[in-house]
Amino acid sequence: MRGQRGAALLLVVLLISLLAVLVVEFQREARLKLRSSVNLRDALQAHALLRSGVTVASAFLLADAEESAVDHRAELWSQPIPPVPLGEGTLSVSVEDLDGRFPLGSLVDARGRAVPTQVAAYRRLLDALELEGAAPADLVDALVDWMDEDQEGPYEINPEFTVPNAPLDHLEDLGRVEGYTWEVLHGLLPHVDIRSDRGINVNTATVPVLLSLHEAIRRDEAELLYEELGEQHAERVGDLRTHAAFSGVANFAAVSQNLKVESARFRVLLAADVPAAAQNPVVRIARAVLQRDRAQRTVELVDWIEE
């Protein structure tokens, strides 16, 4: 009997120990699921904040379309919105004019053939940027080879790359092209866009983009033009005909056909911060591209990348 009682006691102890382990494991699983649910909730809140930022940017652009037919650097939409509280988080928004940047898609035509005048303009842009550790000629050749229909070139014979032979779908795709390192992209991205439309808004163009317009434009002239347009924007492209920056351009009409003073394509940079129940807050950033139709008074979301 005494042996049986000892065995029963041992069995009870084992059962209690097993139950204790199960309870601890159950509590751990419950905490993990709760934390996962909270993280998911916070991530959804951050995403909602980012999307609301697109709505805010769209409203600014629509309001601007009602007030003016010209876009420039002093307008309300171009001023970054500092982090503002929204619900349980904060949101920051800034809008960039992509029509003031060099159009990489114009390096090739609709048939996939390189456009010599645009290739030369892109080379001038890279020369103006003076990117450290990068040869402008190599960068031009690599990107044109990536985009054009020509089946001959360093990519076509390099098994490590799959060449799309098509324009870029996203600006971030530049990082896949040979030579476009992080350092190169850091200096280049603020001056380029993937669109194929050659029109550049001179009011919002950077100095390197202004230098890309014609080989006769000098840096000091481009810097002066940039400074003056920041103080007093151009209402018409023709107003620039007599500016010193174009004094050495024999055929202003040839240059002016690629210039404009209004914009339709914008990039929105968004950052959302949601204080989490856990130690680390949930931070999400996104980049959206908006296409505005001034005549129709509409703004369309054409690209969205969220991280």
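Since this is a predicted model, take the numbers as computed values, not measurements. (Residues numbered from 1 in each chain as written. Predicted model: local features only at pLDDT ≥ 70, side-chain atom pairs only at ≥ 80, totals over all residues. Heavy atoms only, no water.)

Enquirer: Can you help me understand the packing of aromatic side chains in this one?
Expert: What characterises a pair of aromatic rings is the spacing of the ring centres plus the angle enclosed by the ring planes. This structure, assessed with the given rule, holds 3 aromatic pairs. On the basis of an interplanar angle of 75° and a centroid distance of 5.1 Å, the ring pair of W77 and F266 is categorised as edge-to-face. With W77 in the loop between α1 (2-67) and β1 (81-86) and F266 in strand β7 (residues 265-274), the pair connects residues that are 189 residues apart, well separated along the chain. F266 matches W77 in its accessibility class, with the two residues each being buried. Ring geometry for F246 against F252: centres 5.3 Å apart, planes inclined by 85°, an arrangement best described as edge-to-face. Residue F252 is classed as buried on the basis of its relative accessible area, which comes to 6%. In this structure, R51 packs its charged tip against the face of W304, placed 4.6 Å from the ring centre. A cation sits over an aromatic face here: R73 above Y226, 3.7 Å from the ring centre. (Phe/Tyr/Trp six-rings, centres within 6.5 Å; stacked < 30°, edge-to-face > 60°. Helix = DSSP H or I, 4+ residues; strand = E, 2+ residues; numbered from the N terminus. Buried < 20%, exposed > 50% of the residue type's maximum accessible area, 1.4 Å probe, protein only. Lys NZ or Arg CZ within 6 Å of the ring centre and 35° of its normal.)

Enquirer: Whenever I open this one, the sheet that holds strand β9 (residues 298-306) confuses me. Can you help?
Expert: Picture the strands of a sheet paired through backbone hydrogen bonds; they go either parallel or antiparallel. Overall, antiparallel pairing links the 5 strands, which are arranged β1-β2-β7-β8-β9 in an open sheet. Where the open sheet ends on each side, the last strands, each with one partner, are β1 and β9. In this sheet, neighbouring strand axes are inclined to one another by 25° on average, regardless of whether the strands run parallel or antiparallel. Taken together, the 8 bridges between strand β8 (residues 282-293) and β9 define a ladder with antiparallel strand orientation. By the bridge assignment, R287 is partnered in β9 with I305. (Pairing = 2+ DSSP bridges. Axes fitted to C-alpha atoms, helices over the stretch in contact; angles between N-to-C directions.)

Enquirer: Whenever I open this one, helix α3 (residues 136-147) confuses me. Can you help?
Expert: Because each turn of an α-helix spans 3.6 residues, side chains separated by three or four positions in sequence point in the same direction. Between its terminal C-alpha atoms α3 stretches 17 Å, which fits the 16 Å expected from 12 residues at 1.5 Å a residue. The buried count for α3 comes to 9 of 12 residues, which makes it a mostly enclosed element. For α3, the set of buried residues is P136, L139, V140, A142, L143, V144, D145, W146 and M147. Residues of α3 that are buried in the fold lie against α2 (116-129) and α4 (182-188). (Expected span 1.5 Å × (residues − 1). Contact = heavy atoms within 4.5 Å.)

Enquirer: For this particular structure, what's the right way to read unusual backbone geometry?
Expert: With glycine set apart, most residues show a phi of negative sign, and most peptide bonds adopt trans. In this structure, N165 takes a positive phi of about 50° despite not being glycine. Tracing the backbone through its elements, the reader meets N165 in the loop between α3 and α4. Phi at R297 takes a positive value of approximately 55°, unusual for a residue other than glycine. Mapped onto the elements, R297 comes out in the loop between β8 and β9.

Enquirer: Is there a simple way to explain the packing of α2 against α3 in this structure?
Expert: Pairs of packed helices are described in terms of their axes, by the angle between the two and the distance that separates them. It is the contact of α2 with α3, at a shortest axis distance of 9 Å, that shows an interaxial angle of 140°. In terms of axis orientation, α2 runs oblique to α3. Two packed elements cross with a definite hand, and for α2 against α3 that hand is right-handed. Along its contact with α2, which presents V119, Y122, R123, L126 and D127, the element α3 presents P136, A137, L139, V140, L143 and V144. Looking at the contact of α2 with α3, its residues break down into 9 nonpolar, no polar and 2 charged. (Parallel < 35°, antiparallel > 145°, perpendicular 65-115°, else oblique. Left-handed = near helix turned anticlockwise from the far one by under 90°. Nonpolar A, V, L, I, M, F, W, Y, C, P; charged D, E, K, R; others polar.)

Enquirer: Which parts of the structure should I look at to understand the pattern of salt bridges?
Expert: Oppositely charged side chains can pair when the atoms bearing their charge come close. One pass over the full model with this rule turns up 19 salt bridges. Two residues, D71 and R294, come together in a salt bridge whose shortest N-O distance is 3.3 Å. Note that D71 is positioned in the loop between α1 and β1 and R294 in the loop between β8 and β9, a separation of 223 residues in sequence. D71 sits in the buried class, given a relative accessible area of 0%. Note that R236 and D239 form a salt bridge whose closest N and O atoms lie 3.4 Å from each other. Overall, R236 belongs to the exposed group, its relative accessible area being 54%. Taking relative accessible area as the criterion, D239 reaches 38% and is therefore assigned partly exposed. It is possible to trace a salt-bridge network through shared partners that takes in D99, D193, R195, D197, K260 and R265. (Salt bridge = Lys/Arg side-chain N within 4 Å of Asp/Glu carboxyl O.)

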